[in-house]
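In case you want the letters, here they are:
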Amino acid sequence: MKFTHTAVRAALLSTISVASIGLASAAQAQDETVEATDAAAEEDVAFDEIIVTATRRDQAAQDVPLAVSVVAGEQLANAGIVDIRGIQQLAPSLKTTTGQSSATGAVLTIRGIGTAGDNPGFEPAVGVFIDGVFRSRAGVALAELPPIERVEVLRGPQGTLFGRNTSAGALSISTQKPKFEIGGYVEASYGNYDEIEFKAGVTGPVTEQLALRLDGGYHKRDGYITDVNSGNGINNLDRYFVRSQALFENEDVSFRLIADYAKTDEVCCGAVNTQSGFSVPLTSTDNIIARIATSALNPIAATPALGGAVGRVGTPAYTRGSRQMAVSPGRDLSEKVNEWGVSGELNWDFGAATLTSITAYRDWDARRNQDIDFSGVDRAYRDNYRTSIKDFSQEIRLQGTAFNDSVDWLVGGFYLNEKLTLSDTVRFGTQANQYVDTIIRGLTSSAVPGGVQVFGTLGPSVPHLGQAMLATDPVLLGQALGNAATLALFSNPIPGSPAGSGQVADNYRVKTDAIALFTHNIINFTDNLSLTLGLRYNRETKDIDANLNSVVPTCSFFRSANGQQWLSELSTNPAGLGAIAPAVLLLGCNPTVNSEFNGISSDSRKETEFTGTAKLSFKVNEDVLIYGGYDRGYKSGGYNLDRGSFDSVLLGGDGAQLTDLEFGNETVDSYEVGIKTNFSRQFQFNASLFHSNFKGYQSNRFLGNSFVVLNYDKLVSKGVELESIIRPHPDLAFNLGYTYVDAKVTDPLAGSDNGRQASNQPKHTFTGAVTWTPQISDGVNGLVHADFRQQSDAFPLNDPLARSFTGNDGFGIVNLRAGVNFGDGKYSVEGYVENLFNTYYNITAFPIPEQGSSFAVYPAPPRFYGVKLGVKF
């Protein structure tokens, strides 16, 4: 049965109405009996002790001397969070974004620090761990989540226990284990945009010592961005997962085995052209080189024929909030991901010490197509881009106590073997040469009336550059009249690049071997005073093999003797045509496909780094803990897997070498003080102050026509974090959070980012949630949950030209969920709304290559709403 949006809305309103009536009745009943139950209620209101594993031990969250936000599984369910991107709604210091790809372009930031970019050679600054297993890229962890026990957001460097690539923090997700009693659930949801979600699971014992669990889910939703040329939806959902577990337990040993498989087949990610380049004036030759084209010289603006004359739109009209883009016919943004993994966790209590071993293997494969000119003009595209990551990891820990429990010691080791493969396929489209001719005609219109072209696609009425050079340079004309070869060279257009030319395949293989030895020790001087000392030795090697093959006739011409002569004459042209020589070279032979870089090569890099922690904590009393200390974190270096970063001989460089793609590691020295309190049985409050100094901060930066990874000299992130839980009644809880972050780069290499707040990072972020779960009658309970995230102004790009087009004024997102459950919790009906007020914001943004001062934005999702039915047994 297919529901209309009207039916869904009516069902949602009915659900909320029923819940509201029931909740009002419950509130009245509670008021009538409040005096009789005060003593019992005070006892019930006491906070449940939340156990976390942030120190690789089971400890109460309020006793751990570090900043950690804990989101329980029930709270995640109440908020309707289905993957790690939704967790930011409940944790103000965490921010999640998705760029060009949900598979390879996902970005997690903590305290303003993260790693942006969709290049898999660029590793994250926020580590993701699911059931103790390291997920090497944020996108690898974006599958639908199974039922969750808790999520720990560890803020600040976690280099001692969590290791490499946790310089900003870590996300530790613990899923629900098999249970030794039969149980299960079935959930089904339907919402607008034809959203359908189905999840089910079952668990139970096989013997007294062995239990099994099986979970699975399917989720689909239509896209909310429209391609104006085809009418197709973009940014849809179509994914499923299956996860099985086995748990063996006796008095001394537990072993948990997990196997999972997930698949997505979606169209992602749509980007909307803000048409900013249509209104920014051309100011200098430098801007031509850096931006290639701008203002009226933007080919899409200047020549609608590139889109319209062949029956399609180049870029649709833009207003803020638009969710329309243009895709060239025959191109698409398909994205397919297959991933599977298996892990085993052994815990063996020897009495004097406990051994923990976590062994895991994960296999992740993504394939993408992409219309990379982000317009209806068929300039360039990706065809079957493929990246694969295979990780084997082994961690061993031994933990115990000594000196009458005054020392809690832990030692361990970690090993990671990662095999990353990438096959890139950027190719020219059917209008590639016409696109270049249109730009060059605009750039030369002041030097030559009517402008000139390069490849001759605009017809004989527009002279090509060779003819213009002969007409404006008497010396060259004289040489040509006396030499037939020279005359032929300048009398004809230069060779263009046919559709389909470009990268046949750029194949990269990167093998990473990382090994670490670590110790983490808690020294209890008294019952109230403790010192935590930790140290980790990290050693990593990366071996890269590259086999690059690109066929671009224009590049081959420029590298030939004739091409060198042609470029030389253009550069010295007395009429001033030489100003466009860099643009001709970069457009005709874009570094991303430059065949100069073809070949087979290998390289390797090795690095060692010490990370650690030193923290002092003091329990003022049973309800107040104060702490302070130092952490050192580390993020490994690597290779930017993009031929656009090579050094070109054509541009005066020394040629392609794999060291051109190399970037160094990132380190951080972080200082933090904090307080954790339970001032009363109904009120919990935590606060922390932090100051983090990053050196060699890694940034994926756009330099005119390609993205390169740079190590910035210094970045400082400092601020304050506040968290509170207020529970005035067992059925009512408020969760509040606030984060202030001042994160700035100091390095002239950072360009417009230098001295400014880190891109896309608000200074102020507030989060809050209220959950009310009263008993309506015998066996019937209600649920009303609302959460919000409010942030101050932020700019996805700090480029002065981009800020007004891509920036976000302060905004808030509100989600709502309400329902009832009956049959003692066996059955449930809920209505939900995500983005209640349909608030628009730009998720992130980027400069569009070869379109001058044009910037594209990734638009926020609209309002989603629906109903959910559930059965438990």
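For the structure, see preceding data.
Residues numbered from 1 in each chain as written. Predicted model: local features only at pLDDT ≥ 70, side-chain atom pairs only at ≥ 80, totals over all residues. Heavy atoms only, no water.

Caption draft 1: Main features of the overall build of the chain. Across its full length, the chain holds twelve helices and 42 strands. Taken across its 873 residues, the chain has 58% of its residues classed as buried. Once local pairs closer than 6 in sequence are excluded, the contacts in the chain between residues at least 24 apart make up 70%. Accessible surface, the chain: about 33500 Å² in total, of which carbon and sulfur atoms supply 56%. (Helix = DSSP H or I, 4+ residues; strand = E, 2+ residues; numbered from the N terminus. Buried < 20%, exposed > 50% of the residue type's maximum accessible area, 1.4 Å probe, protein only. Contact = heavy atoms within 4.5 Å. Areas by Shrake-Rupley, 256 points an atom, 1.4 Å probe, with all protein chains shown as cover.)

Caption draft 2: View of the side chain of Thr444. Checked against the element boundaries, Thr444 lands in the loop between α5 (432-443) and α6 (465-472). A polar contact of 3.4 Å, which involves the side chain of Thr444, links it to the backbone oxygen of Arg441. Among the polar contacts made by the side chain of Thr444, one reaches the main-chain amide nitrogen of Val452 at a distance of 2.8 Å. (Polar contact = N/O pair within 3.5 Å; in protein donor to acceptor, adjacent residues only side chain to side chain.)

Caption draft 3: Layout of the sheet that holds strand β10 (residues 169-175). Reading across the sheet, the five strands line up as β3-β9-β10-β7-β8 and stay open at both edges, with mixed pairing between neighbours. Of all the strands in the sheet, just β3 (68-72) and β8 (133-135) have a single pairing partner and so form its edges. Taking each pair of neighbouring strands and ignoring which way they run, the sheet shows an average axis angle of 20°. Where strand β7 (residues 126-130) lies against β8, three bridges are found, and the strand directions are antiparallel. By the bridge assignment for β8, Ile130 is matched with Val133. (Pairing = 2+ DSSP bridges. Axes fitted to C-alpha atoms, helices over the stretch in contact; angles between N-to-C directions.)

Caption draft 4: Highlighting the state of the cysteines. Within the structure shown, the criterion is met by two disulfides. A disulfide bridge connects Cys268 with Cys269, and the sulfur atoms are separated by 2.0 Å. Disulfide Cys268-Cys269: torsion about the S-S bond near 75°, hence right-handed. Residue pairing for Cys555: its cysteine sulfur links by disulfide to Cys589, the two sulfurs lying 2.0 Å apart. Of note, the bridge from Cys555 to Cys589 carries an S-S torsion of about 110° and is right-handed in sense. Taken as a pair, Cys555 in helix α9 (residues 553-559) and Cys589 in the loop between α11 (581-588) and β27 (599-621) lie far apart in primary sequence, 34 residues in all. Accessibility classification places Cys555 together with Cys589 in one group, the buried group. Each bonded cysteine of the chain is numbered by sequence order, and under that numbering the disulfide pairs are 1-2, 3-4. (Disulfide = S-S within 2.5 Å.)

Caption draft 5: Up close: the sheet that holds strand β15 (residues 233-234). Taken together, the three strands give an open sheet; going across it, the order is β15-β14-β19, and neighbouring strands pair in mixed fashion. Two strands lie at the open edges of the sheet, namely β15 and β19 (324-325), each paired on one side alone. In this sheet, β19 lies alongside strand β14 (residues 225-227) in parallel orientation, the contact comprising two bridges. What sits directly across from Thr226, in β19, is Gln324.

Caption draft 6: Highlighting the pattern of salt bridges. The final tally for this structure, using the stated rule, is 40 salt bridges. The closest approach of N and O atoms between Asp365 and Arg367, which form a salt bridge, is 3.7 Å. The buried category is assigned to Asp365, whose relative accessible area is 11%. Judged by its relative accessible area of 35%, Arg367 is partly exposed. Between Arg605 and Glu607 there is a salt bridge whose closest N-O contact spans 2.5 Å. Through salt bridges with shared partners, a single network forms among Arg111, Arg155, Glu672, Glu721 and Glu723. (Salt bridge = Lys/Arg side-chain N within 4 Å of Asp/Glu carboxyl O.)

Caption draft 7: Representation of the environment of Leu210 within the structure. Turning to its location among the elements, Leu210 is positioned in strand β13 (residues 210-221). The sequence separation of Leu210 and Ser254 amounts to 44 residues, and the corresponding C-alpha distance is 9.7 Å. When neighbours within four sequence positions are excluded, Leu210 is seen to be in contact with Phe180, Pro205, Ala246, Leu247 and Phe248.

Caption draft 8: Quick peek at unusual backbone geometry. The peptide bond linking Cys268 to Cys269 adopts the cis configuration, its omega dihedral lying at 10°. Located in the positive-phi region is Phe403, a residue other than glycine, with phi close to 55°. In this structure, Phe403 sits in the loop between β22 (380-402) and β23 (407-424).

Caption draft 9: Main features of helix α10 (residues 561-571). Every buried residue of α10 is listed here: Gly563, Trp566, Leu567, Glu569 and Leu570. What you see down the axis of α10 is that its buried residues fit within an arc of 165°, all on one side. Elements that come into contact with the buried residues of α10 comprise α6, α7 (474-481), α8 (484-491), α9 and α11. (Arc of directions from axis to C-beta.)

Caption draft 10: Representation of the nonpolar core within the structure. Core analysis: the biggest nonpolar cluster contains 41 residues, and Ile440, Leu465, Phe558, Trp566, Leu570 and Val584 have the highest contact counts within it. Sorting the residues of this core by element identifies β24 (426-428), α5, α6, α7, α8, α9, α10 and α11 as the ones contributing at least two each. Looking at this core, the element that brings in the most residues is α5, giving six residues. Residues Leu94, Ile113, Ile130 and Leu145 belong to the second largest nonpolar core, which totals 33 residues. (Core = buried A, V, L, I, M, F, W, Y, C linked by side-chain atoms within 4.5 Å.)

Caption draft 11: Summary view of the packing of α6 against α10. Running from amino to carboxyl end, α6 crosses α10 at an angle of 50°, the nearest separation of the two axes being 11 Å. Between α6 and α10, the angle falls in the class oblique. The crossing of α6 and α10 is left-handed. On α10, the residues that touch Leu465, Gly466 and Met469 of α6 are Trp566, Glu569 and Leu570. Class assignment for the residues of the contact of α6 with α10 results in four nonpolar, one polar and one charged. (Parallel < 35°, antiparallel > 145°, perpendicular 65-115°, else oblique. Left-handed = near helix turned anticlockwise from the far one by under 90°. Nonpolar A, V, L, I, M, F, W, Y, C, P; charged D, E, K, R; others polar.)

Caption draft 12: Up close: the pairing of β27. Direction of pairing for strand β26 (residues 529-551) relative to β27: antiparallel, over a ladder of 20 bridges. By the bridge assignment, Ser530 is partnered in β27 with Ser617. Examined bridge by bridge, β27 and strand β28 (residues 624-635) share nine bridges and lie antiparallel to one another. Bridged to Thr613 within β28 is Asp631. In sequence, β27 turns back onto β28 through a hairpin of two residues.

Caption draft 13: The arrangement of a nonpolar patch on the surface in detail. A cluster of nonpolar residues, Val186, Ile196, Phe198, Val202, Leu214, Tyr218, Tyr240, Val242, Phe822, Tyr827, Val871 and Phe873, forms a patch on the protein surface that exposes about 950 Å² of accessible area. Where the nonpolar patch is concerned, the elements lending two or more residues are β12 (195-205), β13 and β16 (237-249). Among the elements that make up the nonpolar patch, the one with the highest residue count is β12 (three residues). Checked against the element boundaries, Val202 lands in strand β12. (Patch = residues over 30% accessible without salt bridge, like charges linked within 9 Å, V, L, I, M, F, W, Y side chains within 5 Å.)

Caption draft 14: View of the packing of aromatic side chains. This structure, assessed with the given rule, holds 23 aromatic pairs. Judged by centre distance (5.3 Å) and plane angle (40°), the rings of Phe129 and Phe134 are tilted. For Phe134, a relative accessible area of 8% corresponds to the buried category. Geometrically, the ring pair formed by Phe597 and Phe646 is tilted, given 5.2 Å between the ring centres and 50° between the ring planes. On the criterion of sequence distance, the pair formed by Phe597 in the loop between α11 and β27 and Phe646 in the loop between β29 (638-639) and β30 (662-663) is long-range, its members being 49 residues apart. Like Phe646, Phe597 is buried. Members of the aromatic cluster, connected to one another through ring pairs, are Phe129, Phe134 and Phe162. Sitting over the face of the ring of Tyr381, Arg331 holds its NZ or CZ atom 3.7 Å from the ring centroid. Against the face of Tyr385 rests Arg368, its NZ or CZ located 4.9 Å from the ring centre. (Phe/Tyr/Trp six-rings, centres within 6.5 Å; stacked < 30°, edge-to-face > 60°. Lys NZ or Arg CZ within 6 Å of the ring centre and 35° of its normal.)

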